[in-house]
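Commentary on secondary and tertiary structure
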Amino acid sequence: MEFLYLEEIDSTNKYAKERINDINDMTVVYTFKQTAGRGRLQRKWSYMGEDNIYASIVLKPSRDYKEVYSNLTQLLCVVLAEVFEEYGVEPQIKWPNDIRVNGKKISGILAEGVGVNDKEKGYLLQGLILGFGVNLNTKIEILSKIDQPATSLNIETGKFIDKEIFLKKVTEKFCLYYNRFIEEGFLLIRDDYLRRAEFLNKEVAVKVFDKTYTGIAVDVTPNGALKLRDKNNKEQILLIGDIL
Ligand code: BTN
């Protein structure tokens, strides 16, 4: 992995997206001062102070898009969960890639793809950007201003967390799994994902663009999709969306 540290930036994802051709494969763009972080569903990711992580992993796999690329956020989610566990907390996964501790969000992932449409070859992928924000050392006063229940690793452990060490653990673990994951797909981590899934066998509402599906979350399929069963026993497989 290469590391590209930025003293201050609006968004590490935006930075990487705009310079995709100048950034090497397997580069971690990171900052401790992100002023306009982006979140999923057009939300923003607030700045929680300089002792937290704001990072984007830039990947350049094959130019033709493979389905497994859309599962990379789930790989990063499992990697983050494993690192949280090294600090003695019990992370729970909310499909597809949120991590919560004691019912409160502690990290979020935003994946963005950059590509071009080629007249002959169709869509050509230039790069994937896996952005992640982790609340490592945030004050309760700041967390209480967030629009959803949120926590931070220092609060859960009662200890100050070294951000450089945490970032190194995440990126090293991600590298360890990455090549095999591209070959084997979500199945490689399915058990590790399901073991921490907090939403299974619960009634959930899932937003997919401007539609909302409700039902019992009965499973996560071998390719990472969410299987819902509605009150008429009808099954729905959701490839993308957010549990509300
Ligand atoms: C979410 O909504 O849960 C996803 C949040 C992702 C935030 C991270 S922070 C680093 C990277 N740069 C951004 O602008 N967003 C992601």
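In what follows, the structure referred to is the one given above.
This report concerns the structure included in the present document. Each chain carries its own residue numbering, running from 1 in the written order of its sequence. With pLDDT at 70 or above as the cut-off, local features in this predicted model cover only qualifying residues; side-chain atom pairs require 80 or more to be listed or tallied, and sums for whole chains, interfaces and linings still use all residues. Calculation of side-chain values draws on the structure's entire complement of heavy atoms; hydrogens and water are dropped beforehand.

A closer look at the environment of R63
We count it as follows: The helix and strand labels rest on DSSP assignments: H or I over at least four residues marks a helix, E over at least two residues marks a strand, and numbering proceeds from the N terminus. Should any heavy atoms of two residues lie within 4.5 Å, those residues are considered in contact.
Take R63: it is sitting in the loop between β5 (53-59) and α2 (72-86). Separated by 53 residues in the primary sequence, R63 and V116 place their C-alpha atoms 9.8 Å from one another. Excluding its chain neighbours within four sequence positions, the residues that come into contact with R63 are Y123, L124, L125 and Q126.

Digging into the sheet that holds strand β6 (residues 91-94)
Let me state the cut-off plainly: Criterion used throughout: strands pair if DSSP finds at least two bridges between them. Inter-axis angles, ranging from 0 to 180 degrees, are taken between N-to-C directions of lines fitted to C-alpha atoms, where helices are fitted over the stretch in contact.
With mixed pairing, 7 strands are arranged side by side in an open sheet as β1-β2-β5-β9-β8-β7-β6. At either margin of the open sheet sits one strand with a lone partner, and together these are β1 (2-6) and β6. Put simply, the sheet's adjacent strands are angled 20° from each other on average, direction ignored. In the sheet, β5 pairs with strand β9 (residues 122-134) via 7 bridges, with the strands oriented antiparallel. Its bridge partner being in β9, I57 is matched across the sheet by L130. Contacts from helix α5 (residues 163-184) reach β1, β2 (27-31), β5 and β9, with the element oriented near 25° to β5.

Looking at unusual backbone geometry
Across residues other than glycine, the phi torsion is negative in most instances, and most of the peptide bonds are trans. Stated formally: Burial classes follow relative accessibility: with a 1.4 Å probe on protein chains only, a residue under 20% of its type's maximum area counts as buried, one over 50% as exposed, and anything between as partly exposed.
The omega torsion across W95 and P96 is 0°, close enough to zero to call that bond cis. With respect to the secondary-structure elements, P96 resides in the loop between β6 and β7 (98-101). Positive phi values are uncommon outside glycine, yet M26 reaches one of about 60°. Residue classification places M26 among the buried positions, given a relative accessible area of 16%. Despite not being glycine, N201 shows a phi value in the positive range, around 65°. Mapped onto the elements, N201 comes out in the loop between α6 (190-195) and β10 (203-208). For N201, a relative accessible area of 59% corresponds to the exposed category.

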